[in-house]
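# Topology and contacts: notes
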Amino acid sequence: MPSWPMNQWYVAAYSSEITHELFGRTICDEPLVFYRTSEGEVVALADRCVHRRYPLSRSHLVDDQVVCGYHGFTYDQRGACVAAPAQKRIPRTARIPTWEVREVDSLIWVWIGDQERADDALIPRAPWLDHPDHTTVRGMEPLKARYQLLVDNLLDLSHETYLHGGYIGTPEVAETPITTEVDDEADVVYVSRHMDDAACPPFYAKSTGIQGRITRWQDIEYHPPCLYLLHSRIAPVGVLPPAEGPDDQAFHVEVVYAITPETEHSTHDFWMVARDFALDDEEVSAFLAENNRTVVLQDVEALDVLEVVVEGEKDRYQELSINIDAGGLAARRILERQVEAGRAEAAAGTPAPAGAST
Amino acid sequence: MPSWPMNQWYVAAYSSEITHELFGRTICDEPLVFYRTSEGEVVALADRCVHRRYPLSRSHLVDDQVVCGYHGFTYDQRGACVAAPAQKRIPRTARIPTWEVREVDSLIWVWIGDQERADDALIPRAPWLDHPDHTTVRGMEPLKARYQLLVDNLLDLSHETYLHGGYIGTPEVAETPITTEVDDEADVVYVSRHMDDAACPPFYAKSTGIQGRITRWQDIEYHPPCLYLLHSRIAPVGVLPPAEGPDDQAFHVEVVYAITPETEHSTHDFWMVARDFALDDEEVSAFLAENNRTVVLQDVEALDVLEVVVEGEKDRYQELSINIDAGGLAARRILERQVEAGRAEAAAGTPAPAGAST
Amino acid sequence: MPSWPMNQWYVAAYSSEITHELFGRTICDEPLVFYRTSEGEVVALADRCVHRRYPLSRSHLVDDQVVCGYHGFTYDQRGACVAAPAQKRIPRTARIPTWEVREVDSLIWVWIGDQERADDALIPRAPWLDHPDHTTVRGMEPLKARYQLLVDNLLDLSHETYLHGGYIGTPEVAETPITTEVDDEADVVYVSRHMDDAACPPFYAKSTGIQGRITRWQDIEYHPPCLYLLHSRIAPVGVLPPAEGPDDQAFHVEVVYAITPETEHSTHDFWMVARDFALDDEEVSAFLAENNRTVVLQDVEALDVLEVVVEGEKDRYQELSINIDAGGLAARRILERQVEAGRAEAAAGTPAPAGAST
C-alpha cells in the first residue's frame, strides 16, 4: 500500500515542460509519459509498451502518435495501438492506460487513483502563477526523501533560522510563536507567524529594496497532499494593511510548493516564487530564482540526510513534538485520513476504469 | 533455483582471452578462474581458496600451479592443494572444484551443472569463427540485464528498424513477416526473414561495396541456451542462390552471439561477425568491428533499461505477443523445458561428482 | 542481534581527532557525535536530535552546547535540552542519550552497551602510543568489510609474505611455524613467530638501517574485541635479548590496531606504529607512516573483496583451517563467548541506564 493518498490530484509538471516531445516522469510510483498534441492538449499515458514493456518516453512522436523505440508499436493519444510490426491486424487488447490530466495555473495536474473519480472541482488553485499582476520564477529539485519529510519541513518554518540563515532566515522566525488552524471539512491547514519587528533577510532586502527592519508575515495554507502556499507579506515596521483598499504599502510574495511523491523514497520538489512588485525587473527575477534555488537545495541536502537516518533506524524512533509542530502534526493527521479514504474507496470495489493502471 | 538451464555448455571466454595468466569470470553465478597450462590446456577452477575464500583470480601462477595471493595455498590444475604455509602436511580435503572445459571454434565452453554429465557431443558449433575461408571480428559487452531479455532481443530482429536505424536497420526489417520452425528434438529454433527488395543499411553497403537495393536474407538458428547464429545473405536485388554450385554472387555474414548468464541480473554478451569476403581487408574489419559494437551497445542500453523496468514491476506484467514473437516464444518454451530437465536431473540424486561445486 | 560483543570498550577516535568541534562517527551501529568541552573533557552523545532526528554532527557548538542545525534545539554536555524554538518551557523528556567515554593512551574509548556497566579497569592498554620513549605514526582507513575479517587477517601474519611482499613480507614469515597461547580468564590471545635468520623487509631495513639478515620476532597480543598489539623485535642475526638489563641491541616496533565495527559490514581500521629508535627522525616517521599506510590499504583492498565474496555466498561456505589459524580460531571462540555474554546480560533485564540508547 502506498504511503500517499490515492484518488487525489498531484502536480506532474509545469506547463512549460510539456511540449510536442515525449516527456517521462514517475508520479506516485507510476511511470508516465506526457506530451502535448499538435492541438495543445496534454496527454498522459503509461510509460510502458504493451508488447515488451519498453519505456515509451525513450521513443518518439510521429504526428500525435507515439512510436515505440524498440519494435515500433504505435499508439494514439487515447492509448489505442494503431500499428504493429509486420502485420495488419492489431490485437484488440493492445491498449495502454491513460491518465486524467488538467492544465491549471501553469501546472499540469494528474489524477492518481481511480480515473473515473477524477473531479475538476478538487484541484486546488494558485492563480498568481499565471496572472499578469504577478511575475513568477520557478524550478524543480529532485529529492531523495519521502514526501512526508518535505511536508514536515515546509509546515514548520522555524527551520529557516538555522538551515537558511543568511538567505531567508533571521532569529525572529524561530523566536516567534505561531497560530494554527485546521479546516477539517476542506482539508486545509493554516499556520501563521506574524513578526512585527524583524531583521530583513537578504532574500527580501535585495528584492524589495527595503532598508532596515520589517514587519514580516508568513501565512501558510497547505492543501494536502500536494499544494503548499506561503503568503508572505513584507513591509517597513509598523506598516499594516489598511482597513479598506489595496495593501499597496507592502510587498507580497506568494511562495508555492507542489509536493509530489515520485516513489516511496523520492519526491519531486516543485518550487515557485510569485511577486507583485518589480514585475519586469529581470535582475530581481534572476536574484530570486538563484537565491530560492539555493534555499531549496539546503532543504534537499538536509532531507536527503534525514531519509537515510529514518530508513536506517532499527526501531521506529519516538519523535518529540512541541508547539511549533502543531501545523505539521495537523497535516499528518489529514494525510493519514486521506490515505485511509483512498484505501476504503479501493476496497469498496469500484470497477476498474478504462484508463486505470492494472 | 537458477533461471537458466543446468547441465548445459556455456561460452565462458574467447580462446584468445585465456593465456598463461589467471583470468576470473563468473559464469551462471559460479565464480571461476581460468588459465592455460604451459602445454596449452585450458583449466577452470572454482575462484575461491579452500582456506579463507580469497579469489584465486587475484593470485598468480608459478609454473602451472595457482598460488593464492592471501596465504600462499598452492593448487595444481586438477584443483589439488600441493602446498600450504608453515607446514608439510597437506589436509586431504584441501581441494578446489574443477569444471569441464572445451575449446572449440575459438570459444572456451564450460559445462555448468553435474560435471559427470559433460558431453562433448552437445557442444553446438560455429565453425566460421575459426576457419581460413572467413575473417571474424568480435567483442564482449557486459549486460546488466537477465539473459532472457537478450534472447528476446535477438530472436525478434524487427527491432533493428527502430533501435538500430542508420546502422543495420531499414524499414523492410520490421515490415517483412517471418517464418518460424522449431526442432523440438534437437532443441533448435529457426526464424527466417527474406527481404526481396530492401534498402541496404550502411553496415552492409560499406563492407560489401554494393550500391543500390538488395536481396537480404536473415536466417536465425538459435541453440538454447547459449549459441545464436544469424546467417545473413546479402546480394543485389534479384540475385538468388544458384540451383547448383557455390552461392558466390552473394555476400555471407555469419553473426554469432553467445548468451551466457553471469548472475540472475547480468549477462556476458559475446558477439562475433564472420564474413566470407574482403578477408584481408583491415579497413572492412575495423569498420565492421566498430559498427557492430555500436549496435550491440544500443541493445545493451535498451536492455539495461528494460531490466530495471522488469525488476521494479510491482506485479508480474502481462506482455502482449504478436506474430513476430513466434521465435522468441518458442525459445522461451525450450528454455523452460531445459530448466525443468536440469532440475529433474538434480532431484534424481546423481551423486555429487568430483569436480562439482558443492 | 549485532555480531560484535556488547558491554565492551571500543576505540572511537584518536585524541587528536576530537576538538572543540562536532565530530560524527558511527560506532557499532550507533551514530554518535563527539566533542571536547572548553575544559578539555570529551563528550559522546547520540547523533540525533530528539525533535525530528536531524544528525547533530551537522550542527554547531555555542560555548559547550550543541545547537541543532535544523530547528535550533540546544543540548548541554549531559544531553539535556536547554533551549527550543519559540517557547520557554522545555519538555522534561527532551534529552539525548550520552555514552561513557575515556581518553587513555591517546585513544578515545567508548563503552558500547549498558552504560551503567562501564568499567575503567577493562580498558586494555597501549602505553607506547603516548609515551616520551616512543614515537608514533598513525592513521585510520575505512574498511567496507565486517570486523571479523580484519581479526582473521591480523591474527595470521603468514599473509604478509603474499599480500605485502616488498613491504613487510618475506618468505620466512609464511614458512615459520607459530606458537599460540590463550588466556581464557583475561580473554587474551598470544601468537608468536620467532624467525632466527630472515631477510629484512624494506619496512625495517630503511627505518633501522640494519643491513643483511635479521632475527625477527613477532609477538601478537590480541585483546578481543578491539585492541591488537604486535610486539615486533628486529635485530641482527644472533642478537638475542640479554639475560639482564635492557634489550638495547634490538629495535622495537609496537604495531597497534584498534578494530572497531562501524556497521555489520564496515569497520574502522585504526593503525598505529610506535618505535623506540630514531625518535626525532622525521624522515623515518614519514617513511613508516607512508609504508604502513600502503600495507594497510593492501589489506583493505583484499578484505573489501572478501566481504563481497562472503556476503554473496549462497550457502555458508565451509572453510579449511590449518596450524597457522590457531590464533584466529582462538580469537573467534573468545569473541563468540563475549557476544554470548553480552546477550545474556541484556536478557537478564538490567534496568535501562540513564544514558543508554533506547
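Residues numbered from 1 in each chain as written. Chains lettered and ligands numbered in written order. Predicted model: local features only at pLDDT ≥ 70, side-chain atom pairs only at ≥ 80, totals over all residues.

Identification of chain A as Vanillate O-demethylase monooxygenase subunit from Mumia flava is taken from an unreviewed UniProt entry.

Another aspect to go through is the overall build of chain A. Of the regular secondary structure elements, chain A holds 6 helices and 17 strands. Here the C-alpha radius of gyration of chain A, 22 Å, is about what a compact globule of 358 residues would show, namely 21 Å. In terms of overall dimensions, chain A has a C-alpha envelope of 75 × 50 × 40 Å along the principal axes. Counting only residues that meet the buried cut, chain A has 46% of its 358 residues in that class. (Helix = DSSP H or I, 4+ residues; strand = E, 2+ residues; numbered from the N terminus. Rg over C-alpha atoms; globule rule 2.2 N^0.38 Å. Buried ≥ 20, exposed ≤ 12 C-beta atoms within 10 Å, placed from the backbone.)

Attention shifts here to the pairing of strand E9 (residues 101-104) of chain B. Residue and element names in this part refer to chain B. As paired elements, E9 and strand E10 (residues 107-112) share 4 bridges and run antiparallel to each other. Bridging across to E10, Val104 finds its partner in Leu107. In this structure, the hairpin formed by E9 and E10 is closed by a connection of 2 residues, where Asp105 is found at a positive phi of approximately 55 degrees. (Pairing = 2+ DSSP bridges.)

Our focus in this paragraph is the environment of Leu320 of chain B. Inspection of the secondary structure assignment puts Leu320 of chain B in the loop between helix H5 (282-312) and helix H6 (326-347). When the C-alpha atoms of Leu320 of chain B and Ala243 of chain B are compared, they prove to be 41 Å apart, with 77 residues separating the residues in sequence. Once you skip the residues sitting within four places of it in the chain, Leu320 of chain B turns out to touch Val50, His51, Pro91, Thr93 and Ala94 of chain A. (Contact = placed C-beta atoms within 7 Å.)

What follows is about the nonpolar core. If you look at the biggest cluster of nonpolar residues, it comprises 289 residues, and the most contacted ones within it are Val110 of chain A, Phe34, Ile108 and Val110 of chain B together with Val110 of chain C. Aside from chain neighbours lying at most four places away, what touches Ile108 of chain B is Val11, Ala12, Ala13, Tyr14, Ser15, Ile18, Phe34, Val42, Val101 and Glu103 of chain B. (Core = buried A, V, L, I, M, F, W, Y, C linked by C-beta atoms within 7 Å.)

Time to look at the sheet that holds strand E4 (residues 42-46) of chain C. Residues and elements named next belong to chain C. Reading across the sheet, the 3 strands line up as E2-E3-E4 and stay open at both edges, with antiparallel pairing between neighbours. Two strands in the sheet have a free side with no partner beyond their single neighbour: strand E2 (23-27) and E4. The average angle at which neighbouring strand axes cross in this sheet is 35 degrees, direction not considered. (Axes fitted to C-alpha atoms, helices over the stretch in contact; angles between N-to-C directions.)

To continue, consider helix H1 (residues 147-155) of chain A. Buried residues dominate H1 of chain A, accounting for 8 of its 9 residues. Looking only at H1 of chain A, the buried set comprises Tyr147, Leu149, Leu150, Val151, Asp152, Asn153, Leu154 and Leu155 of chain A.

Now for unusual backbone geometry. A cis geometry characterises the amide bond from Pro224 of chain B onward to Pro225 of chain B, with omega recorded as 5 degrees. Looking at where Pro225 of chain B falls in the secondary structure, it is placed in the loop between strand E14 (214-223) and strand E15 (227-236). The phi dihedral of Asp29 of chain B falls on the positive side, at around 70 degrees, and the residue is not glycine. Among the structural elements, Asp29 of chain B can be located in the loop between strand E2 (23-27) and strand E3 (30-36). Here Ala278 of chain C, not a glycine, exhibits a phi torsion of approximately 50 degrees, which is positive. You can see Ala278 of chain C is positioned in the loop between strand E17 (266-275) and helix H5 (282-312). The class of Ala278 of chain C is partly exposed, set by 17 C-beta atoms lying within 10 Å.

On to the interface of chain B and chain C. Interfaces are often sized by the accessible area lost when the parts come together. Taken together, the contacts link 19 residues of chain B with 22 residues of chain C. In terms of residue class, the side of chain B that touches chain C is made up of 9 nonpolar, 6 polar and 4 charged. (Nonpolar A, V, L, I, M, F, W, Y, C, P; charged D, E, K, R; others polar.)

Residues and elements named next belong to chain A. Here the domain parsing of chain A yields domain 1 (8-121) and domain 2 (133-306 + 319-340). Just the C-alpha atoms count here: the centres of domain 1 and domain 2 sit 33 Å apart. Between domain 1 and domain 2, the residue contacts involve 11 residues of the former and 10 residues of the latter. Of all elements in the fold, only strand E1 (8-14) and strand E2 (23-27) reach the threshold of two or more residues within the side of domain 1 that touches domain 2. If you tally residues by element for the side of domain 1 that touches domain 2, the top one is E1, at 6 residues. Here the side of domain 1 that touches domain 2 is built from residues that sort into 8 nonpolar, 2 polar and 1 charged. (Domains from an automatic or database assignment.)

All names here are of chain B. In space, the 4 strands of this open sheet follow the order E5-E6-E7-E8, with antiparallel pairing throughout. Two strands lie at the open edges of the sheet, namely strand E5 (60-62) and strand E8 (81-83), each paired on one side alone. Looking at chain direction, strand E6 (residues 65-67) and strand E7 (residues 74-75) are connected through 2 bridges and run antiparallel. Across the sheet, the residue bridging to Val66 is Tyr75, located in E7.

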